[in-house]
Every structure is written in C-alpha cells, then in structure tokens.
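# Architecture and fold: a report
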Amino acid sequence: MDQTLKDHLVAFLLRQGDNTLVLGHRTSEWCGTAPALEEDIALANTALDLIGQTQLWLGYAAEVEGTGRTANDLAFRRDAYDFKNLLMLEVPNEDFGRTILRQFFFDAFQVPWLDALQGSTDERVAGIAAKSLKEALYHLDRSSETVIALGDGTEVSNSRMQAALDYLWPYTGEMFADDATDAAMSGAGIAPLPSTLHTGWRGKVAEVMTSATLTTPDSTFSHKGGRTGTRHTEHLGHMLATMQVLQRSHPGAAW
Amino acid sequence: MSVATDITTAQIWAWLDTVPDPEIPVISVVDLGVIRDVTVTDGRVKVTITPTYSGCPAMAVIAMDIETALAKHGVHQLELDTRIAPPWTTDWLSDKGRARLETYGIAPPQVAGGPERCPHCKSTEVEKISAFGSTPCKAQWRCTACLEPFDYFKCI
C-alpha cells in the first residue's frame, strides 16, 4: 500500500473510532443520572457497545499507523484537533431528548454504512463492520422507537424533541460531506462515498419524524470541521479534559 | 495434577464445557458459543474465542477462567486467540444452554425478537420493560400473568 493511501486509511479508521468513542463517552455521562432506571441501564449499555467498537476501530488504526501507538494511546493521548469525529457527536447531551435524537440520527447513518462496509476490500474493516452492525441495528430499533414515543408524546416532550431537532439538524449534513479521504477509500473499494447514503438516510428520517409528529427544518446549511479535525466545537476540549485526565496525569496507568 | 501428554481436542472441548460463563454461571462458555476453535499441536493448545458484544467486560474474565481451568488439567502451553469474524450470534447457543437459561429464569433468545413465554409461570402474556438489562446480552421483560419481571437473552 502506498503511503498516501495508508495515511487516508488511518484517517478513515480514526473517523470510525472517534465517532464511536466520542458518542460512547457522551452517552456514558448519563450513567447514574438518566430519567429512569431502565433508561440509565440502556444508555450505559449503548455506551459500552460504542466503546467496544472503538477498541476495534482504533486498534486497527494503530496497527496500520505502525508507530507503536495503541488504541488506548489514540483515545487518551491525542488532543482535540487530532480527533476526527462528527461535530454532532461532541455537542453536550443537554437533555434526554437531544441525546436520543442524536443517537437516532447516528444509528440511521451507521446501519446502512456498516452494512456497506461489510463488503469492504479490506477484510479487517469488513469484520469490524459486521460485528458492529448487529449492535447498531439494536440501537436503531430503540432510538427510533423512543424518538417516536417522545415526539408523539405530551406537549412538553414534543416541544423538547422539536427543540432538539432544530438544534441538531445543521450538524447532520457533515455525515455526507465527501472529501479526499472518502475518495481514496472509495477508489480502493474500502468504503463507499458517504454522500451515496444521503437519500436513504433522509428517507428513514422522514419516516420516523412523521410518526413522531416532528417537523424537519428546511435549511441545508451544515456545520463542518469535525471529520477533518480542522474546526471542532468548543465542547470537545472540555469533554476530553474529563475523559483523558487519568492518562494525562498518570501516563500509561493500568488497572 | 495430571500432565498433558496425549490430549485430544475432544478432551479440551469437554474441559471447556465445565468453565461457567462468569455472568450467567448456569451455562458454560461452550454453551454460550464463544469458543470458535480448538487445536492441539505437539501438546500446545490453541483456543480461539469470540466476544459476544464488542464491549462485553466479561471477555477478559472468560479468558482468565479458560487459562485457569486448562492449567488445572495440566495444559500450560496455551495460546488464546480472539476472532471477531464471523460475528457471534445467539444461534450459537447450545440447546443445553438454552434449556438451562430458562430453568435459571432467563428467557432464551427467539428469532421473533421477544421471549416465547415467561420462564417462571410459562405464560405467553409478556411485555417489554426495557431493550437493555443487567448485561449487554440481556433485555428486561415482565410477565403480565404472574407479574414477575425477568431477563430475556437478546437475539442477535
């Protein structure tokens, strides 16, 4: 593999692992504080799945990079500008409504995305995708059901879900914004162009928003800069400060 | 303590079938379907395991329990390999394991996506409480006949 393709593959793998890590950490912030015990357990289990997937993605990223770093180094010893996650996943949880709607937007992307990655020419990518897809499908069932229950719930739950939708919507476009790394992955048969999934995602979202009696904004404006690492929100640094404090203070500390 | 000399793969499988799942101790790691392969070459044993869920915290304990159990039978040259493809599925649960789950009070997985019946009173009048439960592999359900809540082993 030539160096340019290898660099793109590492960037691609970091995007996958950083997405699951950042969303996994945000979701874990609910542990012990969710609105109901069942939801607390569900959120903690969802976070656990996402962090498990992170070990697979970042583990492979570290191997391909080949400089001796491990998945743990990548998770706990990189700074905000090295992270390549979607901006949507790093913004604060705010309330349960925003948390579950974000999970739905992500799940509705991950399911067809991981499904396509199962056919990757890179068999490690295909294996991680097949493993993660089973978990993502389960997450999608729950997040879409819960979005519908809250949207089509009481006046209060509906208005909070609509506020969450208005807030998150401008962040969703970044999932489908192709760049040079996506072109390189697509050219090598490792991954499809994310933009090819946009229509299907819009269809799934429209179906669930209709059942949830929520109104999708017309705007096509999209915040960008997370996948490339060039412009994260101010929230990521604060999140990493909490997530990374132990490894920053005691590098290499282990159980 | 015996010393491993002419051990066979069948013997290793039988020993592994006595290693309980750390979170659901009524079934073995073989019943759970996480043992994917066993080979014996010149007295060196290689066991290939697969995780149930990618983040399942029990996997480290399972690996340690396998090492301990086999060492008791004199297997000291053990290599543990982890494989994620093809991904674990509840189809790999043994029939013995499914039956033991139900006796223990955990409804075994069903392709339909929910428990067939209450593991306590066997009523088919059941409802979901939560899609998740006390471990990554379980969900919480309730019987509307005997009113007992119970765990359901998620079907994936």
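Please refer to the structure placed before this passage.
### Some thoughts on empty space enclosed by the protein
Inspection of every chain in the model, using the stated rule, returns 4 cavities of 30 Å³ or more. Of the voids in this model, the largest cavity is the one considered here, and its volume is about 80 Å³. In this structure, the largest cavity is lined by A:Arg15, A:Gln16, A:Asn19, A:Lys84, A:Leu86, A:Phe109, A:Gln110, A:Trp113, A:Met175, A:Pro194 and A:Arg227. When contributions to the lining of the largest cavity are tallied by element, the ones reaching two or more residues are helix H1 (3-28) and helix H5 (96-117) of chain A. Looking at the lining of the largest cavity residue by residue, the classes come out as 5 nonpolar, 3 polar and 3 charged. Considering only enclosed or pocket space, the second largest cavity measures out at about 60 Å³ in volume. Around the second largest cavity, the lining residues are B:Asp21, B:Glu23, B:Ile24, B:Leu32, B:Thr52, B:Cys56, B:Ala58, B:Ile62 and B:Cys137.

### Points about the sheet that holds strand S7 (residues 149-153) of chain B
Residue and element names in this part refer to chain B. A sheet is described by the order of its strands in space; here 4 strands give the open sequence S4-S7-S6-S5, paired in mixed fashion. Unpaired on one side and paired on the other, strand S4 (106-107) and strand S5 (126-130) mark the two borders of the sheet. Two elements, S4 and S7, share 2 bridges in a ladder whose sense is parallel. Its bridge partner lying in S7, Ala 107 is registered against Tyr 152.

What counts, and where the lines are drawn
Residues numbered from 1 in each chain as written. Chains lettered and ligands numbered in written order. Predicted model: local features only at pLDDT ≥ 70, side-chain atom pairs only at ≥ 80, totals over all residues. Heavy atoms only, no water. 1 Å grid on protein atoms, 1.4 Å probe; cavity = no way out; pocket = protein on both sides within 12 Å on 5 of 7 lines; lining within 4 Å. Points joined across faces, edges and corners; volume = space filled by probe spheres on them. Helix = DSSP H or I, 4+ residues; strand = E, 2+ residues; numbered from the N terminus. Nonpolar A, V, L, I, M, F, W, Y, C, P; charged D, E, K, R; others polar. Pairing = 2+ DSSP bridges.

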